[in-house]
Amino acid sequence: MKKTILLFICAMMLSAFTLTSCKKDDNKANNAADNNEGLIVIGFSQVGAESDWRIANTKSMRETFSEENGYRLLLKDAQQKQENQIQAINDFIAQKVDYIVFAPVTEEGWDDALKNAKSAGIPVIIVDRMIKTTDDSLYTCWVGSDFRNEGDVAVEWMETTFKDVADLKIVHLQGSLGSSAQIGRTEGLAAGVDRNSGWDVIYRATGDFTQVKGKEVMEYVLKQYSHIDVIYCENDNMAFGAIEALDAANKTYGVNGEVAIISFDATNAGLNETLSGKINYNVECNPLHGPRVEALIKQLENGVTPEKLAFVEEVAFDATTITKADIDARSY
Ligand code: AHR
């Protein structure tokens, strides 16, 4: 009897051991970090594909984090939804990636997901836009644009160009509400309106950084207002949408037109519209973050602590001075 019980216990222990080993192997199969063949595994949560800028940014990340360069890139497109980004971050944690990189769709609401990454010991690099948090230890570092400065640069151009206009009627097409790009560019304009008593924002709405919504908003505005001096578009794609609406309404615009157009991004298509005089002023927002993020990862791999915040240097283009060579010299 004692012998049978002993044999039974041994059999149970053996099957428990086998089950545990199998489970470990299953986990291993789901674990990107264990299948990396020496590659550094990057989980990148991208905002979406809402604009030419975003597409150039995704291309830059894909080209940099290639297998030939020693990386495995797991890229998830959040389709401009924060819940998808939070899910992606948690999935990357479960996959035990080496680094999480993410371009936050909005500034607020990341602490819980980032606490999970911190507990798992995975460094988080924020790129492009910024987040609001009371605990800076939740991310390792950030690289991106100074969106408030971009807004200030556009407003300085308006102050010079319209210094003799007593009553300036402005239409403001905002980007995705709550994103750093929208907040900074909107703050720049708000400061300009505070400084210039003759400036009047007659209509403001979000076009979500897309051409379709930019066009929709402008179609509505053109039915409501006959006099507009400036359209302040928070990115190129909304400017393209506004141009479509202006064309359909037979309204002249640009350097020789009734309505001036200000845009942000300075993408290739945006600069061609600037060269042709359709966009009066275009403030650069540089999307080529792949090599910048890689430089940060290399520092971390070598045990160097990178600067917490790194701002990208950017320029602006005026339709009256831009040349074809300016556009040809750029890769996006
Ligand atoms: O965060 C950068 C902004 O996001 C760009 O201006 C815009 O085109 C993009 O969608």
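Our subject is the structure listed above.
Residues numbered from 1 in each chain as written. Predicted model: local features only at pLDDT ≥ 70, side-chain atom pairs only at ≥ 80, totals over all residues. Heavy atoms only, no water.

Participant: What is the right way to look at the overall build of the protein in this model?
Facilitator: When its secondary structure is counted, the protein shows 11 helices and 12 strands. Taking all 332 residues of the protein together, the buried fraction comes to 50%. Long-range contacts, defined as pairs at least 24 residues apart, comprise 73% of the intrachain contacts of the protein with a sequence gap of at least 6. For the protein, the exposed area adds up to about 15,900 Å²; of that, 52% sits on carbon and sulfur atoms. (Helix = DSSP H or I, 4+ residues; strand = E, 2+ residues; numbered from the N terminus. Buried < 20%, exposed > 50% of the residue type's maximum accessible area, 1.4 Å probe, protein only. Contact = heavy atoms within 4.5 Å. Areas by Shrake-Rupley, 256 points an atom, 1.4 Å probe, with all protein chains shown as cover.)

Participant: I would appreciate a short explanation of the environment of G188 in the present structure.
Facilitator: Summarising the element assignment, G188 is placed in helix α6 (residues 180–195). Here G188 falls in the buried class, since its relative accessible area comes to 0%. The spacing of G188 and V153 is 35 residues in sequence and 8.2 Å in space, taken between C-alpha atoms.

Participant: Would you take a moment to explain the pattern of salt bridges for this structure?
Facilitator: Note that side chains of opposite charge can pair when their charged atoms are close. One pass over the structure, following the stated rule, counts 22 salt bridges. With a closest N to O distance of 2.8 Å, D91 and K76 form a salt bridge. Separated by 15 residues along the polypeptide, D91 in helix α3 (residues 82–94) and K76 in strand β2 (residues 71–77) bring together distant segments of the chain. One salt bridge connects D328 with K324, and the closest N-O pair in it is separated by 3.0 Å. Pair noted here: D328 and K324 are both in helix α11 (residues 324–328), with a separation of four residues, about one helical turn. The exposure class of K324 is exposed, given its relative accessible area of 52%. It is possible to trace a salt-bridge network through shared partners that takes in E50, R54, D128 and R129. (Salt bridge = Lys/Arg side-chain N within 4 Å of Asp/Glu carboxyl O.)

Participant: Would you explain the packing of aromatic side chains in this entry?
Facilitator: To describe a pair of aromatic rings, you give the distance between the ring centres and the angle between the ring planes. Evaluated as defined, the whole model comprises eight aromatic pairs. With a centroid separation of 6.0 Å and an interplanar angle of 90°, the aromatic rings of W157 and F162 are classed as edge-to-face. Since its relative accessible area comes to 11%, W157 is described here as buried. Among the residues examined, F162 registers a relative accessible area of 13% and is labelled buried. With centroids separated by 6.4 Å and ring planes inclined at 55°, the aromatic side chains of Y203 and Y225 adopt a geometry described as tilted. Here Y225 lies in the loop between α7 (211–224) and β8 (230–233) and Y203 lies in strand β7 (residues 199–206), a separation of 22 residues in the sequence. On the accessibility criterion, Y203 (24% relative accessible area) is partly exposed. Take Y225: its relative accessible area is 28%, and that puts it in the partly exposed class. Taken together, the ring pairs in this structure connect W157, F162 and Y281 into an aromatic cluster. (Phe/Tyr/Trp six-rings, centres within 6.5 Å; stacked < 30°, edge-to-face > 60°.)

Participant: Teacher, can you tell me more about the pairing of β8 here?
Facilitator: A regular strand places its side chains on the two faces of the sheet in alternate fashion. Because side chains alternate across β8, one face comprises the buried residues V230 and Y232, and the other comprises I231 and C233, equally buried. Of the crossover connections in this fold, the one passing from β8 over helix α8 (residues 236–248) to the parallel strand β9 (residues 260–265) is right-handed. (Right-handed = clockwise from strand over helix to strand, strands pointing away.)

Participant: Looking at this structure, how should I read unusual backbone geometry?
Facilitator: What you tend to see is this: most non-glycine residues have negative phi, and most peptide bonds are trans. Backbone geometry places K96, a non-glycine residue, at a positive phi of 55°. Following the sequence through the fold, K96 ends up in the loop between α3 and β3 (99–102). Even without a glycine there, the phi angle at D208 is positive, about 55°. Checked against the element boundaries, D208 lands in the loop between β7 and α7. With a relative accessible area of 21%, D208 lands in the partly exposed category.

Participant: What exactly am I supposed to notice about the site of the ligand here?
Facilitator: Lining the immediate environment of the ligand, one finds E50, S51, W53, R54, D128, R129, F147, A181, R185, F209, N235 and D265. In this structure, E50 approaches the ligand through a side-chain N or O atom, which is 2.4 Å from an oxygen atom. In this structure, an oxygen atom belonging to the ligand sits 3.0 Å away from a side-chain N or O atom of S51. Compared with its free state, where it exposes 280 Å², the ligand has 100% of that area covered by protein. Taken together, the elements giving at least two residues each to the shell around the ligand come down to α2 (52–64) and α6. Looking at the shell around the ligand residue by residue, the classes come out as four nonpolar, two polar and six charged. (Near = heavy atom within 4 Å. Polar contact = N/O pair within 3.5 Å; in protein donor to acceptor, adjacent residues only side chain to side chain. Nonpolar A, V, L, I, M, F, W, Y, C, P; charged D, E, K, R; others polar.)

Participant: How do you make sense of the sheet that holds strand β10 (residues 281–284) when you look at a structure like this?
Facilitator: Spatial strand order, β7-β6-β8-β9-β10-β12: six strands in an open sheet with mixed pairing. Strands with a single pairing partner mark the edges of an open sheet, and in this sheet they are β7 and β12 (316–318). Between one strand axis and the next, the sheet turns by 15° as a mean value, whatever way the strands run. Sheet topology note: the strand β6 (residues 168–174)/β7 ladder contains seven bridges and is parallel. (Pairing = 2+ DSSP bridges. Axes fitted to C-alpha atoms, helices over the stretch in contact; angles between N-to-C directions.)

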